[in-house]
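What follows is each chain in one-letter form.
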Amino acid sequence: MFDHNDVFVIFVLGGPGSGKGTQCANIKNDYGFVHLSAGDLLREEQQREGSEFKELIQTCIREGKIVPMEVTIALLEKSMQEAIDTDGKKRFLVDGFPRKMDQAIKFEKMVVESQFTLYFECSEETLVTRLLKRGESSGRIDDNIESIKKRFQTFKDTSFPVIEYYEEKSKVRKINAEQDRESVYIDVQKILDISLQRSDA
Ligand code: AMP
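Keep in mind it's a predicted model, so treat the numbers as computed, not measured. (Residues numbered from 1 in each chain as written. Predicted model: local features only at pLDDT ≥ 70, side-chain atom pairs only at ≥ 80, totals over all residues. Heavy atoms only, no water.)

Engineer: Help me understand the overall build of the chain in this model?
Structural biologist: Regarding its fold elements, the chain presents eight helices and five strands. The N-to-C order of helical and strand elements in the chain reads β-α-β-α-α-α-β-α-β-α-α-β-α. Taking 17 Å as the expected radius of gyration for a compact globule of 201 residues, we find that the chain reaches 16 Å, a close match to that expectation. For the chain, the spread of C-alpha atoms along the principal axes amounts to about 50 × 40 × 30 Å. (Helix = DSSP H or I, 4+ residues; strand = E, 2+ residues; numbered from the N terminus. Rg over C-alpha atoms; globule rule 2.2 N^0.38 Å.)

What follows is the structure in structure tokens.
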């Protein structure tokens, strides 16, 4: 368990294709955060020689289902510990997580409490267009219309309640992700500048 006063975690949520990864890359560059994408960590684990979770992860990703929290949380915690041990970095963007209430509760109890959640809000129509476009070159097994529909359903049924839960605690910072990526990043910076100033005070 990390100390909440020492290790700073921002959760990053939004529907598939809402631009979480793109904006996290910007934040990483400009603010020196460590960017940990739950989806990327799962894809790496799926490809790791000897992983016992290969098939489970592959099936979940293709079906747009949530990979069991034990697997996802263990991967995140390990990466956080590595970043702290090797670079002494303690500010993390945890992207695509928590996607289910049980993950949120468990992570905050066993790993560290989050500061807040950045939520990239975007209409389904825009998301489909972006994902299909990305699918032309991403090579991802889930950027096709069948998987996309399932991912949306999972987002609505399972992930959206997490956003509502944090909203009730006033821990959501909402961003209009319908805009072009430059405009979205301007909004992101405004939020981060205010929040980081507060945390440094
Ligand atoms: P992403 O790269 O964020 O679009 O995630 C791709 C897929 O990875 C999702 O559809 C899930 O199957 C899986 N995944 C990503 N994040 C999580 C998470 N926090 N918990 C469980 N499964 C996840």
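Additional details are given in the paragraphs that follow.
Engineer: So what exactly am I meant to see when it comes to the sheet that holds strand β4 (residues 116–121) here?
Structural biologist: Across a sheet, paired strands are connected by hydrogen bonds in the backbone, their directions being either parallel or antiparallel. Here we have five strands laid out as an open sheet, ordered β2-β3-β1-β4-β5, and parallel in their pairing. Both outer strands of the open sheet, β2 (34–37) and β5 (172–176), are each paired with one neighbouring strand and no more. Neighbour-to-neighbour, the strand axes of the sheet open up by a mean angle of 20°, direction not taken into account. Bridge count for strand β1 (residues 8–14) against strand β3 (residues 91–95) is five bridges, and the pairing is parallel. Across the sheet, residue V12 finds its bridge partner in β3, namely D95. Sheet strands touched by helix α2 (residues 38–47): β2 and β3. Its angle to β2, the strand with the most contacts, is close to 65°. (Pairing = 2+ DSSP bridges. Axes fitted to C-alpha atoms, helices over the stretch in contact; angles between N-to-C directions. Contact = heavy atoms within 4.5 Å.)

Engineer: Whenever I open this one, the UniProt feature "binding site: a ribonucleoside 5'-phosphate" (unreviewed entry) in the chain confuses me. Can you help?
Structural biologist: If you check UniProt for "binding site: a ribonucleoside 5'-phosphate" (unreviewed entry), the listed places come out as R43, K65, I66, V67, G96, F97, P98, R99, Q103, R140 and R151 in our numbering. Annotated residues spanning 109 residues; largest pairwise C-alpha distance 24.2 Å, indicating distribution over more than one region. Residues from the annotated list that form part of the lining of the largest pocket: R43, K65, I66, V67, G96, F97, R99, Q103, R140 and R151. When neighbours within four sequence positions are excluded, R140 is seen to be in contact with R43, R134 and R151. A polar contact of 3.0 Å, which involves the side chain of R140, links it to the side chain of D142. Residue contacts for R151: discarding those within four places in its chain leaves P16, G64, L131, R134, R140, D142 and D143. (UniProt positions renumbered as here; feature names shortened; annotations may be inferred. 1 Å grid on protein atoms, 1.4 Å probe; cavity = no way out; pocket = protein on both sides within 12 Å on 5 of 7 lines; lining within 4 Å. Polar contact = N/O pair within 3.5 Å; in protein donor to acceptor, adjacent residues only side chain to side chain.)

Engineer: Whenever I open this one, the pairing of β3 confuses me. Can you help?
Structural biologist: The two faces of the sheet receive side chains in turn, since in a regular strand these alternate between them. Burial analysis of β3 places four of its five residues in the buried class, which makes it a mostly covered element. Judged from the four bridges that link them, β2 and β3 form a sheet pairing that is parallel. Its bridge partner lying in β3, H35 is registered against L93. (Buried < 20%, exposed > 50% of the residue type's maximum accessible area, 1.4 Å probe, protein only.)

Engineer: Sorry if this is basic, but what is going on with unusual backbone geometry here?
Structural biologist: Glycine aside, the phi torsion of most residues is negative, and most peptide linkages are trans. A cis amide bond links F97 with the next residue in sequence, P98, at an omega value of -5°. A positive phi is found at S170, a non-glycine position, where the angle reads about 55°. With respect to the element layout, S170 can be found in the loop between α7 (145–168) and β5.

Engineer: So what exactly am I meant to see when it comes to the site of the ligand here?
Structural biologist: As a matter of local geometry, the ligand sits amid 18 residues, with R43, K65, G96, R99 and Q103 nearest to it. A distance of 2.7 Å separates a nitrogen atom of the ligand from a polar atom in the side chain of R99. Q103 is positioned with one of its side-chain polar atoms (N or O) 2.6 Å from a nitrogen atom of the ligand. For the ligand, the cavity whose grid points lie within 2 Å of the majority of its atoms is the largest pocket. Those elements that provide at least two residues to the shell around the ligand are α2 and α3 (54–63). (Near = heavy atom within 4 Å. Sits in = over half its atoms within 2 Å of the grid points.)

Engineer: I would appreciate a short explanation of the packing of helix α6 (residues 124–138) against α7 in the present structure.
Structural biologist: A packed helix pair is summarised by two numbers, namely the angle formed by the two axes and the spacing between the axes. Where α6 contacts α7, the two axes come as close as 11 Å, and the packing angle between them is 140°. Looking at the two axes, α6 sits oblique to α7. Crossing angle aside, the handedness with which α6 passes α7 is right-handed. Facing α6, whose interface residues are E124, L127, V128, L131, L132 and R134, α7 presents I145, I148, R151, F152 and K156. By residue class, the composition of the contact of α6 with α7 is seven nonpolar, no polar and four charged. (Parallel < 35°, antiparallel > 145°, perpendicular 65-115°, else oblique. Left-handed = near helix turned anticlockwise from the far one by under 90°. Nonpolar A, V, L, I, M, F, W, Y, C, P; charged D, E, K, R; others polar.)

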